[in-house]
Amino acid sequence: MSEQPTDLRETVRRRYAAAAMHVTEGGIACCGSEPVEADENFGSARYATDERDALPAEAVAASLGCGNPTAVAELREGERVLDLGSGGGIDVLLSARRVGPTGKAYGLDMTEEMLALARANAARAGATNVEFLKGTIEAIPLPANTVDVVISNCVINLSVDKPAVFAETFRVLRPGGRIGVFDVVADDALTPEQRARRGDHVGCIAGALSFAEYRAGLEAAGFTDIEIAPAHSVADGMHSALVRATKPATPVRSEHRRR
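Within every chain, residues take consecutive numbers counted from 1 along the sequence as written. Owing to the predicted nature of the model, reporting of local features is limited to residues with pLDDT of at least 70; listing and counting of side-chain atom pairs is limited to 80 or more, with chain, interface and lining totals taken over all residues. Each side-chain value is derived from all of the structure's non-hydrogen atoms; neither hydrogens nor water enter the calculation.

Student: Go over the nonpolar core, please, and point to the residues and values.
Tutor: Nonpolar cores were defined as sets of buried Ala, Val, Leu, Ile, Met, Phe, Trp, Tyr and Cys residues, with membership established by side-chain atoms within 4.5 Å. Residue exposure (1.4 Å probe, protein chains only): buried if accessible area is under 20% of the type maximum, exposed if over 50%, otherwise partly exposed. In this structure, Leu82, Ile179, Tyr214 and Leu218 are the most contacted members of the largest nonpolar core, which totals 30 residues. Counting from the N terminus, the helices are the DSSP runs of H or I reaching at least four residues and the strands are the DSSP runs of E reaching at least two. Of all the elements in the fold, those that place two or more residues in this core are β1 (80-84), β2 (104-109), β4 (147-153), α6 (162-172), β5 (173-186), α8 (211-221), β7 (224-235) and β8 (238-246). The contact definition used throughout considers only heavy atoms, calling two residues in contact when any of these lie within 4.5 Å. Once residues within four sequence positions are removed from consideration, Tyr214 is found in contact with Ile156, Phe166, Val181, Asp183, Val185, Leu209, Ile228 and Val243.

Structural data, given as structure tokens:
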């Protein structure tokens, strides 16, 4: 029998809590059940050397993502950014530097241990335009039309309710807002069972949507200008993919039926 959604969420929470504690104790975060270092497909290797050098070592060590969303989200001075599943805070801190003192970077995570690590990393970095929130990415604790950009780094694929994630992301974005996300996405030819088997062997990819499913989910939430492009392979038929989309500046109205 497959795990229930609450069980799956708790499995993810425990994994990331353990990763945070491992970093706090001087190690490097990992995706699997054993404390192994992330390979070139995941973690701090996806960031430029100058970016890593400018951040606290603990923020770099806690990186578990499959890309660098801050490098592709085209963040601008004064914008408000939300990172879904912010972990140790690496993308929040990089975002805070890009949006400057007139902007703000939020980090959302459900794991107390990761939030504690992220807040400590923000203090070490001297970042004052950041705020870390506890909650799930399926129920974002921010009002509607709050942020200009939503980023995420290899987290949405772990969600137990991806339609809720897409709907909540759309809700909190201001009209004209955008997403710049890295996530694990599967080839359309792979069945859910085949994806799950690959997840048993490569950490952090369980639950990945296919390219077609991802696009359909974003469209159902109301997003336009959707772009989903593979960046690098993380397993056979599984990719780190860059996902971009926009919340329309004006509400999209359905056409009246012709009489």
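Student: Go over α6, please, and point to the residues and values.
Tutor: Of all 11 residues in α6, eight are buried, a share of seventy percent or more. Those residues of α6 lying buried are Lys162, Ala164, Val165, Phe166, Glu168, Thr169, Phe170 and Val172. Buried-residue contacts for α6 involve β1, β4, β5, β6 (209-210) and α8.

Student: Tell me about the pattern of salt bridges, and please be specific about residues and values.
Tutor: Only one rule defines a salt bridge in this text: a Lys or Arg side-chain nitrogen within 4 Å of an Asp or Glu carboxyl oxygen. If you walk through the whole model with that rule in mind, you get eight salt bridges. We note a salt bridge from Lys104 to Glu131, for which the minimum N-O separation is 2.8 Å. Of this pair, Lys104 sits in strand β2 while Glu131 sits in strand β3 (residues 130-134), placing them 27 residues apart in sequence. The partner of Glu112 in a salt bridge is Lys134, with the nearest N and O atoms 2.9 Å apart. Linking Glu112 in helix α5 (residues 112-125) with Lys134 in strand β3, this pair joins segments that are 22 residues apart in sequence. Of the residues examined, Glu112 reaches a relative accessible area of 44% and is grouped as partly exposed. According to the relative accessible area criterion, Lys134 is partly exposed, its value standing at 46%.

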